[in-house]
Every structure is written in C-alpha cells, then in structure tokens.
Amino acid sequence: MKIHIGSDHAGVELKELIKKHFDGKFEFEDEGTFTTESVDYPDFAHAVAQKVLEDGGSLGILICGTGNGMAITANKHAGIRAALCWAPEIAALAKQHNNANIIVLPARFIPSDVAIATLTAFFEAEFEGGRHQRRIDKINI
Ligand code: RB5
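I will try to describe carefully the structure that is included in this document.

### Considerations on the nonpolar core
At step 1: The biggest cluster of nonpolar side chains holds 24 residues, and the ones touching the most others in it are Leu 14, Ile 18, Ile 61, Ile 103, Leu 105, Leu 119 and Phe 123.
At step 2: By residue number, the principal contributor to this core is helix α5 (residues 112–124), which donates six residues.
At step 3: Those residues in contact with Phe 123, other than ones at most four positions away along the chain, are Met 1, Ile 3, Phe 26, Leu 59, Ile 61 and Lys 95.
At step 4: Counting 14 residues, the second largest nonpolar core, distinct from the first, contains Val 48, Ala 71, Ile 80 and Ile 102.

Written out as structure tokens, the structure is:
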C-alpha cells in the first residue's frame, strides 16, 4: 500500500521512526519536512492531501505537534477525511466508521510506541460501510 507521509518540524522525528518501523510493509512517499528547522504545517498538509486525492487507494499520515494544524488544513480538501488519533481504539474507529483517508498524529503528546500501535490499528481496521457510508455522504457541502 502507498502511504503519503508528511510532518512539520515538531513531527519529523516521529515521521522518521514510523518510516523505519513500517519499512517493507508500506511504500512511503515522503512529502517532507526533512529537518527540525521551523516550517509551516499547512505546506505539508496540503501536499499530502493532494497526493492522497490524486493517488487512488493510497492513504496519508500527517504529524505535527498537536495534530490540530494538520487536521484542520487537510480537511479543507473535499474528499479528505483526516482524523486526529492518539490511541489505537480511536484510530480503528476512524477507519471503521469515518473511512478516514489520512491519520493525523500529535507528536508532542503521544509516546512513540503508542503512535506505532495507533497506526497499526488504523491500517488493520476496515471501513464498515452501511450507515457509516450514508453519514460520510453528508459531509461535503
Ligand atoms: C509548531 O510549533 C506547532 O504549532 C505545530 O506543530 C502544530 O502543533 C500546529 O497545529
């Protein structure tokens, strides 16, 4: 599976750890940032959101300090459902009920082992469809 991944400076360390942990399991396309030099999170949220929309069947991971800047920005793109997740149960539900196509992690508020478990739960979960699809169909304005 193709994963488009991006972070700001607050998330770059976790981004690298994630790529290393899931190496061989997923094909990562890294939209940056690549250093801890201060950058603006919307630049990376827009890049990942556009790639996920263009690249059918792919998913995205976005990481910033709180996750909020990335989620707020990515969700401006019609068709993107970016879910801020900090626990495996929330991540599984984000896929099962919301069919999230981008998972957002709060690097400054989640231990790395919990971040990995949260991503694992997200990628293992499946969208349940049915009433959840009806609700998703009502999201876009
Ligand atoms: C950067 O300091 C911080 O504002 C950013 O990572 C994120 O938390 C924004 O939502």
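Moving on, there is more to tell.
### Points about a positive patch on the surface
At step 1: Together, Arg 131, Arg 134, Arg 135 and Lys 138 make up a positively charged patch on the protein surface.
At step 2: Looking at the element boundaries, Arg 135 is found in helix α6 (residues 131–136).
At step 3: When its relative accessible area of 45% is taken as the criterion, Arg 135 is described as partly exposed.

### Things to note about the state of the cysteines
At step 1: Tallying each qualifying case throughout the model produces zero disulfides.
At step 2: Cys 64 carries a free sulfur, and the closest cysteine sulfur to it, the one in Cys 85, is 13 Å from it.
At step 3: We classify Cys 85 as buried; its relative accessible area is 0%.

### Brief notes about the packing of aromatic side chains
At step 1: Inspection of the entire model under this criterion finds five aromatic pairs.
At step 2: Both rings, one in Phe 26 and one in Phe 123, keep their centres 4.6 Å apart while their planes meet at 50 degrees; by these two values the pair is tilted. One end of the pair, Phe 26, is in the loop between α1 (12–21) and β2 (27–30); the other, Phe 123, is in helix α5, with 97 residues separating them in the sequence. Taken as a pair, Phe 26 and Phe 123 share a single burial class, namely buried.
At step 3: Plain terms: the ring middles of Phe 122 and Phe 123 are 5.3 Å apart, the flat faces sit at 80 degrees to each other, and that makes the pair edge-to-face. Taken as a pair, Phe 122 and Phe 123 share a single burial class, namely buried.
At step 4: What links up through ring pairs into an aromatic cluster is the set Phe 22, Phe 26, Phe 28, Phe 122 and Phe 123.
At step 5: Positioned above the aromatic ring of Phe 122 is the side chain of Lys 95, whose terminal nitrogen or guanidinium carbon lies 4.5 Å from the ring centre.

### Some words on unusual backbone geometry
At step 1: Cis geometry marks the peptide bond from Gly 32 to Thr 33, where omega comes out at 0 degrees.
At step 2: Locating Thr 33 in the fold gives a position in the loop between β2 and α2 (41–54).
At step 3: Despite not being glycine, Asn 99 shows a phi value in the positive range, around 45 degrees.
At step 4: Here Asn 99 is to be found in the loop between α4 (88–96) and β5 (102–106).
At step 5: Looking at Asn 99, the relative accessible area reads 22%, which means it is partly exposed.

### Topic: the sheet that holds β5
At step 1: Spatially, five strands are ordered β2-β1-β3-β5-β4 in an open sheet, and the strand pairing comes out parallel. Of all strands in the sheet, those bounded by a partner on one side alone are β2 and β4 (82–84). Pairs of neighbouring strands in the sheet enclose a mean axial angle of 25 degrees, with direction left out of account.
At step 2: Two strands pair when backbone bridges link them, and strand β1 (residues 2–7) and strand β3 (residues 59–64) are joined in this way by five bridges, in the parallel orientation. Considered in β3, the bridge of His 4 is made with Gly 60.
At step 3: Seen against the sheet, α1 touches β1, β2, β3 and β5 and runs at an angle of roughly 160 degrees to β1.

Rules used in this analysis
Residues numbered from 1 in each chain as written. Predicted model: local features only at pLDDT ≥ 70, side-chain atom pairs only at ≥ 80, totals over all residues. Heavy atoms only, no water. Core = buried A, V, L, I, M, F, W, Y, C linked by side-chain atoms within 4.5 Å. Buried < 20%, exposed > 50% of the residue type's maximum accessible area, 1.4 Å probe, protein only. Helix = DSSP H or I, 4+ residues; strand = E, 2+ residues; numbered from the N terminus. Contact = heavy atoms within 4.5 Å. Patch = residues over 30% accessible without salt bridge, like charges linked within 9 Å, V, L, I, M, F, W, Y side chains within 5 Å. Areas by Shrake-Rupley, 256 points an atom, 1.4 Å probe, with all protein chains shown as cover. Salt bridge = Lys/Arg side-chain N within 4 Å of Asp/Glu carboxyl O. Lys, Arg positive; Asp, Glu negative; His and termini not counted. Charge placed at Lys NZ, Arg CZ, Asp CG, Glu CD. Disulfide = S-S within 2.5 Å. Phe/Tyr/Trp six-rings, centres within 6.5 Å; stacked < 30°, edge-to-face > 60°. Lys NZ or Arg CZ within 6 Å of the ring centre and 35° of its normal. Pairing = 2+ DSSP bridges. Axes fitted to C-alpha atoms, helices over the stretch in contact; angles between N-to-C directions.

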